[in-house]
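# Remarks on the overall topology
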Amino acid sequence: MIRLPRFKYVAPASLKDAAAQLADASSKPGGAMLVAGGTDLIPNMKRRQQVPATVIGLRGVAELRARQVNGAITLGSMTTLTAIVKDAELRTKVAGLVQAAAQVATPHLRNMATIGGNLCLDTRCTYYDQSYEWRQAINFCMKKDGDTCWVATSSPKCLAVSSTDTAPMLQALGARVRLVSAAGEREIAVADLFNNDGMHHLTRRPDEILVDVTIPNQTGWVSAYWKLRRRGSFDFPVAGVAVAAKLNAAKEVEDLRLVLGAVASRPLEISAAAAIAKGRKLSDELIAELAEAAYPLGKPMDNTDYELAWRKKMIRPLVTYALKDARGDDTTEQRLKIARQLI
Ligand SMILES: Cc1cc2nc3c(=O)[nH]c(=O)nc-3n(C[C@H](O)[C@H](O)[C@H](O)COP(=O)(O)OP(=O)(O)OC[C@H]3O[C@@H](n4cnc5c(N)ncnc54)[C@H](O)[C@@H]3O)c2cc1C
Ligand code: SF4
């Protein structure tokens, strides 16, 4: 059994108290980390990837449990993924977010896992997601305790992979997050929450709490999320595709966002997608053009599951299926193909 390291645990009962405790503890040696569901942080602490001196539990903070689904949709950061999956209104309004949440981990983990924790999920890498002894045997790596990147030894930065399923979808939906600290509050786009850097992948400051996420009014929008993973029952994504499109009454695209997950240290938006699609119907021809536009931007590194070249090759079919799903096709057969890796 791998034991947790020693740490101090505090359980604030309000957002103000949590921000004050975080400001105080994060300025001290060893720093502090927030824990929501703990499904990422606790295993990481056991493996000594993250060793905060203080852990601040968010379960008692009522301000993090908002749910508003009229017009814009606001979800508190402590909303569990199970709550999202079971929410019939969300299923109608943001199908892509429900699909993304439903594909995270397992039902047991989703009962604990939160949307805030999923957005702030640590980046992953074959050389990092290992026990302390395994990492010690290779003299660690740049992301924790070492100085070399074993994926690209001349790389000045860590290339660990953004492996969150909901972040690409929330970015495609144009969502924003509210960050609160003892010093004040700011609101930023989900797209601006991330850096393409495996060690510094969040722009969130250590003293900030992600309070909630707001998705703009979805009238006229359709969305879908597709994911590649080894085990259909549960596994981190090795590629993900999130699409959100606004269609007019004639079913022509007014706006479209296409975001790739798990191919870089942050979700990557295909910036040309909206211009390619504008004013056109989501026809098979347009979908093929969008899949072609996405393909060169997906440059996965050799540091997660599966062979690198195959993961890249899978970007075209994943984009194709996600767009067909968003346009309302029956994609049951394609889902089975992806789950059984028959491509
Ligand atoms: C076996 C297994 C399979 C998994 N599969 C997947 C998968 O397929 N897809 C996927 O996306 N994830 C997966 N995960 C990772 C994890 O379960 C989810 O990402 C989950 O949503 C994390 O949420 P949490 O509340 O448990 O986060 P926690 O572990 O509590 O926190 C995660 C990180 O977020 C920070 N944090 C949490 N809440 C806040 C907040 N409000 N403000 C600021 N920072 C905060 C924490 O400090 C920590 O750094 C898997 C985990 C396991 C163990
Ligand atoms: S990408 Fe390099 S530095 Fe980052 S975790 Fe992997 S081996 Fe370590």
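Bear in mind that the values here come from a model prediction, so they are computed numbers and not experimental data.

Scanning the chain from N- to C-terminus turns up 14 helices and 12 strands. A globule of 343 residues ought to have a C-alpha radius of gyration of about 20 Å, and the chain, at 20 Å, matches this closely. Along the longest, intermediate and shortest principal axes, the C-alpha atoms of the chain span 60 × 45 × 35 Å. For the chain, the residues scored as buried account for 52% of the 343 residues in total. Long-range pairs, those at least 24 residues apart, make up 62% of the contacts in the chain with a sequence separation of at least 6. As presented, the chain carries roughly 15,200 Å² of accessible surface, and 53% of it is formed by carbon and sulfur atoms. Of the side-chain charges in the chain, 46 are positive and 35 negative, and the distance between the mean point of each set is 4 Å.

As a further point, take the sheet that holds strand 2 (residues 32-35). Think of a sheet as strands paired side by side through backbone hydrogen bonds, with each pair either parallel or antiparallel. Across the sheet, three strands lie side by side as 1-3-2; this open sheet has parallel pairing. Each end of this open sheet is capped by a strand with a single partner; those strands are strand 1 (8-10) and strand 2. For this sheet, the mean angle separating the axes of adjacent strands, direction not counted, is 25 degrees. In this sheet, strand 3 (residues 54-57) lies alongside strand 2 in parallel orientation, the contact comprising four bridges. Bridge pairing in strand 3 links Ala32 to Thr54.

Close to ligand 1 lie 33 residues, the nearest being Leu34, Gly38, Thr39, Thr114 and Asp165. The backbone of Leu41 places a nitrogen or oxygen atom 2.8 Å from an oxygen atom of ligand 1. Of all elements in the fold, only strand 2, helix 7 (115-119) and strand 8 (209-215) reach the threshold of two or more residues within the shell around ligand 1. Here the shell around ligand 1 is composed, by residue class, of 18 nonpolar, 10 polar and five charged.

Moving on, we get to the site of ligand 2. As a structural note, the neighbourhood of ligand 2 is formed by 13 residues, with Cys125, Cys141, Cys149, Cys158 and Leu159 the closest of them. Partitioned by chemical class, the residues of the shell around ligand 2 number 11 nonpolar, one polar and one charged.

Glancing now at the nonpolar core. In terms of nonpolar packing, the biggest core is built from 38 residues, with Ile84, Leu97, Leu119 and Leu170 touching the most fellow members. When neighbours within four sequence positions are excluded, Leu119 is seen to be in contact with Ala167, Leu170, Val177, Val190, Leu193, Phe194, Leu202 and Leu210. In this structure, Val263, Ala291, Leu318 and Ile338 belong to the second largest nonpolar core, which totals 37 residues.

Trans peptide bonds make up the majority, and among non-glycine residues the majority have a negative phi. Backbone geometry at Asn139 places phi at a positive 60 degrees, although glycine is not the residue there. Take Asn139: it is sitting in the loop between helix 8 (132-137) and helix 9 (166-172). Residue classification places Asn139 among the exposed residues on the basis of a relative accessible area of 55%. Phi is positive for Tyr306, which is not a glycine, with a value near 75 degrees. Relative to the assigned elements, Tyr306 resides in the loop between helix 11 (284-294) and helix 12 (308-313).

Two side chains bearing opposite charge may form a pair once their charged atoms approach each other closely. For the structure shown, the criterion picks out 24 salt bridges. In this structure, the salt-bridge partner of Arg124 is Asp129, at a minimum N-O distance of 3.5 Å.

Working definition: an aromatic ring pair is given by the centre-to-centre distance plus the angle between the planes. Within the structure shown, the criterion is met by four aromatic pairs. Ring plane angle 55 degrees and centroid distance 5.5 Å describe the contact between Trp226 and Tyr321, whose orientation is recorded as tilted. Taken together, the residues span a long stretch of sequence, with Trp226 in strand 9 (residues 221-228) and Tyr321 in helix 13 (residues 315-327) at a distance of 95 residues. Overall, the relative accessible area of 1% leaves Trp226 in the buried class. Given a relative accessible area of 10%, Tyr321 falls into the buried group. Above the ring of Phe234, the side-chain terminus of Arg231 is found at 4.4 Å from the ring centroid. The ring of Tyr295 carries the charged tip of Arg316 above its face, separated from the ring centre by 3.7 Å.

Moving on, we get to the sheet that holds strand 7 (residues 184-189). Pairing within the open sheet is antiparallel, and its five strands lie in the order 4-5-8-6-7. The strands lining the two open edges of the sheet, one partner per strand, are strand 4 (67-68) and strand 7. Of the strand pairs in this sheet, strand 6 (residues 176-181) and strand 7 are connected by six bridges, and their pairing is antiparallel. Bridging across to strand 7, Arg178 finds its partner in Glu187. Taken strand by strand, helix 1 (residues 15-26) contacts strand 6 and strand 8, and its axis lies near 130 degrees from that of strand 8.

Cut-off values and rules
Every residue gets a number counted from 1 within its own chain, in the order that chain's sequence is written. To read the labels, note that chains go from A and ligands from 1, taken in the order they are written. Given that this is a predicted model, residues contribute local features only at a pLDDT of at least 70 and side-chain atom pairs are listed and counted only at 80 or more, while totals for whole chains, interfaces and linings are drawn from all residues. Only hydrogens and water are set aside; all other atoms, that is, all heavy atoms of the structure, feed into the side-chain values. Note on conventions: DSSP H or I runs of at least 4 residues are helices, E runs of at least 2 residues are strands, and numbering of each starts at the N terminus. A radius of gyration in this sense is built from C-alpha atoms; the matching globule rule multiplies 2.2 Å by the number of residues raised to 0.38. Throughout, exposure labels follow a simple rule: accessible area from a 1.4 Å probe, protein chains only, divided by the maximum for the residue type, with under 20% read as buried, over 50% as exposed, and the rest as partly exposed. Note on contacts: a residue pair is in contact if any heavy atoms of the two residues lie within 4.5 Å. Per-residue and other accessible areas were derived by the Shrake-Rupley procedure at a 1.4 Å probe size, with only the shown protein chains allowed to occlude residues. Residues counted as positive are Lys and Arg, residues counted as negative are Asp and Glu, and His and the chain ends are not counted. For the purpose of locating charges, the reference atoms are NZ of Lys, CZ of Arg, CG of Asp and CD of Glu. Whether two strands pair comes down to DSSP finding at least two bridges between them. Note on method: axes are straight lines fitted to C-alpha atoms, helices fitted across the in-contact stretch only, with angles between N-to-C directions ranging 0 to 180 degrees. Nearness is judged by heavy atoms alone; a residue qualifies as near a molecule or strand once a single heavy atom is within 4 Å of it. Counted as a polar contact is a pair of N or O atoms within 3.5 Å, where, for protein atoms, one must be capable of donating a hydrogen and the other of accepting one, and residues adjacent in sequence contribute only when both atoms are in side chains. Amino acids are sorted into nonpolar (Ala, Val, Leu, Ile, Met, Phe, Trp, Tyr, Cys and Pro), charged (Asp, Glu, Lys and Arg) and polar (every other residue, Gly among them). Among buried residues, the Ala, Val, Leu, Ile, Met, Phe, Trp, Tyr and Cys ones that are joined through side-chain atoms within 4.5 Å form a nonpolar core. Any carboxyl oxygen of Asp or Glu within 4 Å of a side-chain nitrogen of Lys or Arg constitutes a salt bridge here. Geometry of aromatic contacts follows a simple scheme: Phe, Tyr and Trp rings, the Trp one being its six-membered ring, pair when their centres are within 6.5 Å, and the pair is stacked under 30 degrees between planes, edge-to-face over 60, tilted otherwise. Put simply, a charge is over a ring when the Lys NZ or the Arg CZ is close to the ring centre, within 6 Å, and near the line of the ring normal, within 35 degrees.

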